[in-house]
2 protein chains.
Amino acid sequence: MPRESNKSGAVRSAAVMPVEAGRRRVVIEAVTPQIEGGRFAAKRVAGEAVVVEADIFTDGHDAIAAELLWRRAADRDWQRAPMVLFDNDRWRGKFTVTQTGRWLYTVRGWVDVFASWRNDLEKRRASNQGGPDLALAFLTGAALIERAEKKVSKADAGILAAMRERLAGSADDDEKFATAQDAALAEIMAGVRDADLITTYAPELAVTVERERARYGAWYEMFPRSTRADGTPGTFDDCIARAPYVAGMGFDVLYLPPVHPIGSTNRKGRNNAETAAPGDVGSPWAIGSADGGHKAIDPALGTLAGFRRLVAAARAHDLEIALDIAFQCSPDHPYVREHPQWFRTRPDGSIQFAENPPKKYQDIYPFDFECDDWRALWEELKSVFLFWIGEGVQIFRVDNPHTKPFRFWEWVIAEIRRDHPDTIFLAEAFTRPKVMHRLARLGFSQSYTYFTWRNTKYELTEYFTELAQDRSREYFRPNVWPNTPDILHEYLQFGGRPAFVARLVLAATLSANYGIYGPAFELCENHAREPGSEEYLNSEKYEIRRWDVARSDSLRDVIARINAIRRDNLALHSDWSLRFHAVDNDAIIAYSKCMPDRSNIVVVVVNLDPHHVQSGWLDLPLDAFDLAPDQPYQMHDLLSGARYIWQGSRNFVQLDPQVLPAHVFGLRRRVPNERDFDAFI
Amino acid sequence: MPRESNKSGAVRSAAVMPVEAGRRRVVIEAVTPQIEGGRFAAKRVAGEAVVVEADIFTDGHDAIAAELLWRRAADRDWQRAPMVLFDNDRWRGKFTVTQTGRWLYTVRGWVDVFASWRNDLEKRRASNQGGPDLALAFLTGAALIERAEKKVSKADAGILAAMRERLAGSADDDEKFATAQDAALAEIMAGVRDADLITTYAPELAVTVERERARYGAWYEMFPRSTRADGTPGTFDDCIARAPYVAGMGFDVLYLPPVHPIGSTNRKGRNNAETAAPGDVGSPWAIGSADGGHKAIDPALGTLAGFRRLVAAARAHDLEIALDIAFQCSPDHPYVREHPQWFRTRPDGSIQFAENPPKKYQDIYPFDFECDDWRALWEELKSVFLFWIGEGVQIFRVDNPHTKPFRFWEWVIAEIRRDHPDTIFLAEAFTRPKVMHRLARLGFSQSYTYFTWRNTKYELTEYFTELAQDRSREYFRPNVWPNTPDILHEYLQFGGRPAFVARLVLAATLSANYGIYGPAFELCENHAREPGSEEYLNSEKYEIRRWDVARSDSLRDVIARINAIRRDNLALHSDWSLRFHAVDNDAIIAYSKCMPDRSNIVVVVVNLDPHHVQSGWLDLPLDAFDLAPDQPYQMHDLLSGARYIWQGSRNFVQLDPQVLPAHVFGLRRRVPNERDFDAFI
């Protein structure tokens, strides 16, 4: 009897055929999307389609059939849809994830005996076969139908019996051929399957389905304490007063650095000075004081009640509050006293501060995720998320997740998402590619990227082609930032206002998720702490800044315009359609995004040289836009309002950075002519 | 407590973290070789290395260590070797498979706490740190050592204690730094590991290790009944007489089409005529008669005793016999009478013959692998292999495996290989790529290829680059044939003798495994049955042919030469080093193979145009051969015996197909000069 072989007691891999599966002749391989053999889930947002492909084939020449199965993980029953062969043994099917949460899918296939018989019969007809072979072929079909009659409803059995009698009876061959091809017969027979013969792909694969904000959103980062015009410490009430300003620029998410009590022990001074001067406010990332820790509010900002008012006020402006989750403690954090076992201890009994010799961060104690009491620590950290979810927060920007164990994040995100599937997690991991990808795979909704350091045409083209086209797009959702409180790139330091506008347009159109750190960004703040540094001079991380957001040279109007363009153009709501286009000038980059049905096409052209007028010939792939070579089309610059009529694939572009370093074109395929006196569409 | 989440009774994927693994901080991903997530084994031959790579990393900045584990599946204990980081979080290790059979391997990694401390200390030294932080750092190391002392041998514990005392004592800092870097200390500490913290990659991955003939061999196919000079039916004794001729050409494997009794019912006539004339001998693939089936010998060829003599005689000439396994029956096969349930029955009670309308093969009944009695059928078919293994056969060429279920092959090959790991299986599947690859993955040692239909420079370059470089090379071993009894390509039909020589050289040097169907090949038989057909006229499949192997225009000497070259040049014993080189003439193809240490380099240049002299400039990658641009080197044409001194990367080649359409150069890097009066090396 066929059985698992097991010689010398050695373990055999799971590859050995289970004996009962001997009759499952269909092979299913290379199912996509699939991440690390099903170890991790692909990502979608509610309403999106999951296109599933697989290599499906069998031995010999029999016809096969395949279907896609899917369900919410919480549901019992599979939904099903047929898969269709499209090329070289590759089949495709698709389903739509209609709500947030975890979904599962798999593929199954089987030899379709009846369809094989029908194909065979068509060949007999085509070759004008007659005689006993043909007569027997009709009877073979009749026998297949007879066997099926026992497995279907009474009504269907009646239909089948009639068909069978026609095939087995004395009708002429033409009538029998017609019967064999009968659509009702085909449909009933397609529903009759022998479970023993069906191959089901294992393992089941998963999709994490989030809400739309996971895929598309504009973020604005702001220090709450720097929201007062006079430079005195701002509070949540000042943030509430600032909300219309942020909302007026069209942002979706207002992200706040930590709002918790700040430690005083070993507090850093202005510009990261080793010791604080009297009155220095300290870094919000040095979390915890006698006033509380990760679940408390910095008294300088207000109270929990004030925070709630801010959340509500923001919501009234269609702004969501995102909080910063930084799992580390100041020496004054209550955890240090209550749970010293959660930290590493030095031989003198003191707690080990953060240290990367020769650098010392004595204002911060990292957690010891491996400590003997790790289970309690992990549960407590989970409760921090749950606390703020309870306060109405659904978006978390996680600080340096790559310095905490991957397994912790995988666990805590799954735990939170189980009961709160609308929670969004942004990973702030500026580190090596494989580490960033692992964090994305294990569950983070979005990831910071290398965008800040990708400034040339070559760098941007390579990087965003990877982000939009590589199979990692199934799990890695970029959220790109031209600046952060930690990073003021030299392109911004030396490029002036045109550099800020160019980087804004790039961020907002290359990526459906982007953010700026303001008001530093819109006010074109470009002073670094020292030459060669990417740190801001007088960084808000260590002091309160006074920002004149009403300044006439602010970029607020350009930002409002670009965010309005984003909102109006569905093509900019996702990244997968991104495609770069040739321009014969390396200072000019051009790309497009479009809806699958071409109902919205956006073409962006940016002059990357902030100092000089640049021009060149742009090559557009007309076929990708369903345009004929002789068909004029309108390029409507949504930034400037200008409209151009273009024709053919090659057209001239010129951009003066002192005016506007970018075009953001809506491409309109319909251009009126003399036979059409209505307006532009 | 962290635990598997399980909401609404829904099944969670296996992806959820087991709670006890929370402290395993190292991530191991993308281990190669790996075939379909470990579902199938990679392939090697005994003595080869398996180079294993993996992405290995952890959170934060701690030092990590990793090792490769491997063992024979039949053994209990793992062997171990360290893995080394080489690039971008990718690590590499290697082991050698010393004997045939199934081997397993995996990877494990862990945070190396002591190495992390040592790295940290080096940074403190580099930054001239002193004071209490440095003093505490020394004590931290001493504490790590103290903990290790309990886990090592008494002798090692003594060494550790001495080191610890030096670190914790009053020695000066320099001495303590030196102690921290002590090699003996490092070695002992590296051996101390906490199993709770070690990540082991799952699943374990497998390698099927075969003998060398699986990777390298020259095959000769011959119809035993066509071995008599006078054209009367040949026997095993005639095959024995022919063995020195085949061995003299340097072949390793003598492959015989089926040697079993041939059915007479519905026997095909000459040139596949629908009915046989009296005296027609029938196709050897119509297996089975009253004289027996798959375990019997065609009485026209002799007896089982005669077959045994042939096996022994061949072995005496260093020739192995390969048998053809064709799982199908003539209507006269004993199985048909004894096990009618193993075949499909038509509605009139007759057994379904092989049929692809309008084509009918009434002389052949296919097995019904899905029949209710499939287990008994599968066991019987397995016993066919075992029977011939019992008769000394270790190589099987399997006829049309793609028309039998994949699961059957996976099962039967694993079963046979378990007890007979030296058995080699060649899949004769001329079909779609994914089907061929699946057969290779599930266990076939070697596979027929598309070589016969790849005749232009572009086609050959693309195809053999894929075969040699794609990751499928881990399981797909090509065995290439310029002709078979079924395929006489038009290139041979119309190219004359130069075409035969060119295709011989290509087959024998592009692929470590190749074969010819003779004597048709060496006698340049090129008559097709009809224009546009690839079938031989008067095919040996249906009749006995009389071959004059002593003909003066036979290619036997060229074949003997090329097989001797193959034997002498280790570079031609495997395929992975294959690399194509540019020639500025599309009629000339050039490529090389070399040993990893450059101890043997073969450069092949072939004129693909059988009708005209062709010439061009060949570009060789000197760096790949460790040659300097100003260094002369010798190109020794191993086919013609001519020697050329070349220098630099570009050299002129010219080939007259009427003389010899190919160079097979041994590239010798050592060229004597006036300072060196010894002979060429």
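The structure under discussion appears in the preceding block.
A short tour of the structure in this document, coming up. (Residues numbered from 1 in each chain as written. Chains lettered and ligands numbered in written order. Predicted model: local features only at pLDDT ≥ 70, side-chain atom pairs only at ≥ 80, totals over all residues. Heavy atoms only, no water.)

### Looking at the overall build of chain A
The test is simple: By definition, any uninterrupted DSSP run of H or I lasting at least four residues is a helix, any uninterrupted run of E lasting at least two residues is a strand, and each is numbered from the N terminus. Only protein chains enter the area calculation, which uses a 1.4 Å probe; residues under 20% of their type maximum are buried, those over 50% are exposed, and those in between are partly exposed. Working rule for contacts: check all heavy atoms of both residues, and any pair within 4.5 Å makes them a contact. In these tables, accessible area is a Shrake-Rupley quantity obtained with a 1.4 Å probe, and a residue counts as shielded only by the protein chains included in the view.
Counting secondary structure elements, chain A contains 14 helices and 29 strands. Judged by the C-alpha coordinates and their principal axes, chain A covers about 105 × 80 × 45 Å. Counting over 681 residues, chain A shows a buried share of 59%. Within chain A, contacts between residues separated by at least 24 positions form 74% of all contacts whose residues are at least 6 apart in sequence. Within the structure as shown, chain A displays about 27,000 Å² of accessible surface, and the carbon and sulfur contribution to it stands at 49%.

### What about the environment of A:Pro405?
Along the chain, A:Pro405 turns up in the loop between strand S18 (395-399) and helix H10 (406-419). The exposure class of A:Pro405 is buried, given its relative accessible area of 3%. Sequence-wise, A:Pro405 and A:Ala74 are 331 residues apart; in three dimensions their C-alpha atoms are separated by 28 Å. If we ignore the near neighbours within four places in the chain, the residues touching A:Pro405 are A:Phe369, B:Arg25 and B:Asp59.

### Description of the interface of chain A and chain B
The line we're drawing: When two parts are put together, the accessible area they lose, computed with a 1.4 Å probe and summed over both, is reported as buried area. What makes a salt bridge here is a side-chain nitrogen of Lys or Arg within 4 Å of a carboxyl oxygen of Asp or Glu, nothing more. Contacts described as polar in this section are N or O atom pairs within 3.5 Å, which, within protein, must combine one atom able to donate a hydrogen with one able to accept it, while residues neighboring in sequence count only if both atoms come from side chains. Under the grouping applied here, Gly and all other residues not named as nonpolar or charged are polar, the nonpolar ones being Ala, Val, Leu, Ile, Met, Phe, Trp, Tyr, Cys and Pro and the charged ones Asp, Glu, Lys and Arg.
Counting residues at the interface gives 81 residues for chain A, matched by 82 residues for chain B. For the pair chain A and chain B, the two sides together bury roughly 7,600 Å², of which 52% comes from carbon and sulfur. For the pair chain A and chain B, the number of links is 16 salt bridges. In this structure, the salt-bridge partner of B:Asp133 is A:Lys360, at a minimum N-O distance of 2.4 Å. At the boundary of chain A and chain B, one finds 26 residue pairs in polar contact (both at pLDDT 80 or more). Residue contributions to the side of chain A that touches chain B peak at eight residues, all from H10(A). The class makeup of the residues in the side of chain A that touches chain B is 30 nonpolar, 14 polar and 37 charged.

### Things to note about the packing of aromatic side chains
All names here are of chain A. Our working rule: Aromatic pairs are defined between Phe, Tyr and Trp rings, using the six-membered ring for Trp, whenever the two ring centres lie within 6.5 Å; interplanar angles under 30 degrees are classed as stacked, those over 60 as edge-to-face, and all others as tilted.
Throughout the structure, instances matching the rule amount to 93 aromatic pairs over all chains. Centre to centre, the rings of Phe95 and Tyr105 are 5.8 Å apart; their planes meet at 45 degrees, and the pair counts as tilted. Here Phe95 is found in strand S7 (residues 90-96), whereas its partner Tyr105 is found in strand S8 (residues 101-111), with 10 residues between them in sequence. Side by side, Phe95 and Tyr105 carry an identical accessibility label, which is buried. Ring centres of Phe307 and Trp388 lie 5.2 Å apart, and the angle between their planes is 75 degrees; this geometry places the pair in the edge-to-face category. Here Trp388 lies in helix H9 (residues 374-390) and Phe307 lies in helix H7 (residues 304-316), a separation of 81 residues in the sequence.

### A closer look at the sheet that holds strand S1 (residues 27-32) of chain B
Our working definition: Paired strands, as defined in this entry, are two strands with at least two bridges between them according to DSSP. Between N-to-C directions, angles span 0 to 180 degrees; the directions come from axes that are lines fitted to C-alpha atoms, helices contributing only their stretch in contact.
Spatially, S1-S3-S7-S6 (chain B) is the arrangement adopted by the four strands of the open sheet, whose pairing is antiparallel. The sheet terminates laterally at S1 and strand S6 (84-87) of chain B, the two strands that pair on one side only. When strand polarity is set aside, the average angle formed by the axes of neighbouring strands in this sheet is 35 degrees. As defined by bridge partners, S6(B) adjoins strand S7 (residues 90-96) of chain B across three bridges and the pair is classed as antiparallel. Paired with B:Asp87 across the bridge in S7(B) is B:Arg90. Running at roughly 70 degrees to strand S3 (residues 49-57) of chain B, helix H11 (residues 433-442) of chain A makes contact with S1, S3 and S7 of chain B of the sheet.

### Regarding the relation of the copies chain A and chain B
Definition in use: Least squares is the method used to superpose the copies, on C-alpha atoms of residues holding a pLDDT of at least 70 in both.
When chain A is fitted onto chain B, the two copies agree to an RMSD of 0.1 Å after a turn of 180 degrees and an axial shift of 0.1 Å. Viewed as a symmetry operation, the transformation between the two copies matches a two-fold axis. When C-alpha distances to the rotation axis are compared across chain A, the minimum falls at A:Gly37, with a value of 2.9 Å. By residue overlap, the copies meet face to face through one surface: 100% of the interface positions of chain A are interface positions in chain B.

### Brief notes about the pairing of strand S28 (residues 650-655) of chain A
All names here are of chain A. Side chains of S28 alternate between two faces, with Asn651, Val653 and Leu655 buried and Arg650, Phe652 and Gln654 left unburied. Pairing analysis gives six bridges linking strand S25 (residues 614-619) to S28, with the strands arranged antiparallel. Pairing of Trp617 across the sheet is with Phe652, part of S28.

### A short note on a negative patch on the surface
Convention followed: What goes into a patch is any residue over 30% in relative accessible area without a salt bridge, connected to like charges within 9 Å or, for nonpolar side chains (Val, Leu, Ile, Met, Phe, Trp, Tyr), within 5 Å. Residues counted as positive are Lys and Arg, residues counted as negative are Asp and Glu, and His and the chain ends are not counted. Working definition for charges: the position is that of NZ of Lys, CZ of Arg, CG of Asp or CD of Glu.
A surface patch of negative charge is lined by A:Asp172, A:Asp173, A:Asp174 and A:Glu175. When you line up the elements, A:Asp173 lands in helix H4 (residues 173-180).

### Looking at H7(A)
Counted only if it meets this: The length a helix should cover is 1.5 Å for every residue beyond the first.
With 13 residues, H7(A) should cover 18 Å at 1.5 Å per step; its first-to-last C-alpha distance of 18 Å lies within 8% of that length. Looking one or two places after H7(A), you find A:Asp318, whose phi comes out positive at around 60 degrees.

### Some remarks on the packing of helix H13 (residues 490-510) of chain A against helix H14 (residues 556-568) of chain A
Residues and elements named next belong to chain A. For clarity, the threshold we go by: What sets the label is the angle itself: under 35 degrees gives roughly parallel, over 145 gives roughly antiparallel, 65 to 115 gives roughly perpendicular, and the rest give oblique. Crossings are assigned a handedness: left-handed for a near helix turned anticlockwise from the far helix by less than a right angle, right-handed for a clockwise turn.
Packing of H13 against H14 brings their axes to within 10 Å, and their N-to-C directions diverge by 15 degrees. Viewed along their axes, H13 and H14 adopt a mutual orientation that is roughly parallel. Judged by the sense of rotation from one axis to the other, the crossing of H13 with H14 is right-handed. Contact residues: H13 offers Arg497, Val501, Leu504, Val505, Ala508 and Thr509, while H14 offers Val558, Ile559, Ile562 and Arg566. Looking at side-chain class alone, the contact of H13 with H14 contains seven nonpolar, one polar and two charged residues.

### Some remarks on the side chain of A:Lys404
Looking at the element boundaries, A:Lys404 is found in the loop between S18 and H10. Of the side chains bearing the opposite charge, A:Asp399 lies closest to the buried A:Lys404, which forms no salt bridge; the N-O distance is 5.0 Å. At 3.4 Å, the side chain of A:Lys404 and the backbone oxygen of A:Asp399 are in polar contact. Not counting residues up to four positions away in its chain, the partners in contact with A:Lys404 are A:Phe327, A:Phe369, A:Asp399, A:Trp409 and B:Asp59.

### Considering the sheet that holds strand S6 (residues 84-87) of chain A
Hydrogen bonds along the backbone pair up the strands of a sheet, which may run parallel or antiparallel. Taken in spatial order, the four strands of this open sheet run S1-S3-S7-S6 (chain A), and their pairing is antiparallel. At either end of the open sheet lies a strand with only one pairing partner, and these are strand S1 (27-32) and S6 of chain A. In this sheet, adjacent strand axes meet at a mean angle of 35 degrees when their direction is disregarded. On top of the sheet, helix H11 (residues 433-442) of chain B reaches S1, strand S3 (49-57) and S7 of chain A; it is set at about 70 degrees to S3(A), its chief contact.

### Here's the deal with the pattern of salt bridges
Under the counting rule described, the total for this entry stands at 112 salt bridges over all chains. In this structure, B:Arg545 and B:Glu525 form a salt bridge, with 3.4 Å as the shortest nitrogen-oxygen distance. Here B:Arg545, found in the loop between strand S21 (513-517) and helix H14 (556-568), pairs with B:Glu525, found in the loop between S21 and H14; they are 20 residues apart in sequence, far enough to count as distant. Neither B:Arg545 nor B:Glu525 differs from the other in exposure class; each is buried. Salt bridges linked by common partners bring A:Arg25, A:Asp59, A:Asp62, B:Arg344, B:Asp368 and B:Glu370 together as one network.

### A few points about the environment of B:Lys359
All names here are of chain B. One can find Lys359 in strand S16 (residues 359-361). Of the residues examined, Lys359 reaches a relative accessible area of 53% and is grouped as exposed. Separated by 311 residues in the primary sequence, Lys359 and Glu48 have C-alpha atoms spaced 47 Å apart.

### Let's talk about helix H5 (residues 183-190) of chain A
Since there are 3.6 residues in each turn of an α-helix, residues three or four apart along the chain are aligned in direction. Residues and elements named next belong to chain A. Inclusion rule: The arc in question is traced by the directions running from the helix axis to the C-beta atoms.
Looking at H5, one finds that the buried residues are Leu185, Ile188 and Met189. Looking down the long axis of H5, one finds its buried residues gathered within 95 degrees of arc, a one-sided arrangement. In H5, the exposed positions angled more than 90 degrees off the buried face are occupied by Ala183 and Glu187. The elements touched by buried residues of H5 are helix H1 (113-126), helix H2 (131-149), helix H3 (154-168) and H4. N-capping of H5 is provided by Asp182, with a side-chain oxygen placed 2.9 Å from the backbone N of Ala184.

### A word on the state of the cysteines
The test is simple: Here, the term disulfide refers to a pair of cysteine sulfur atoms separated by no more than 2.5 Å.
Tallied over the full model, the rule gives zero disulfides over all chains. Distance from the sulfur of A:Cys371, which forms no disulfide, to the nearest cysteine sulfur (A:Cys329) is 12 Å.

### Some remarks on the environment of A:Asn607
Residue and element names in this part refer to chain A. Residue position: Asn607 is located in strand S24 (residues 601-607). The class for Asn607 is buried, based on a relative accessible area of 1%. C-alpha separation for the pair Asn607 and Ile589, spaced 18 residues apart in sequence, amounts to 6.7 Å. Leaving out residues up to four positions away in the same chain, Asn607 has contacts with Ala502, Ala587, His612, Val613, Gln614, Leu655, Pro657 and Pro661. A polar contact is formed between the side chain of Asn607 and the backbone oxygen of His612, at a distance of 2.9 Å. From its side chain, Asn607 meets the backbone oxygen of Leu655 in a polar contact 3.1 Å long.

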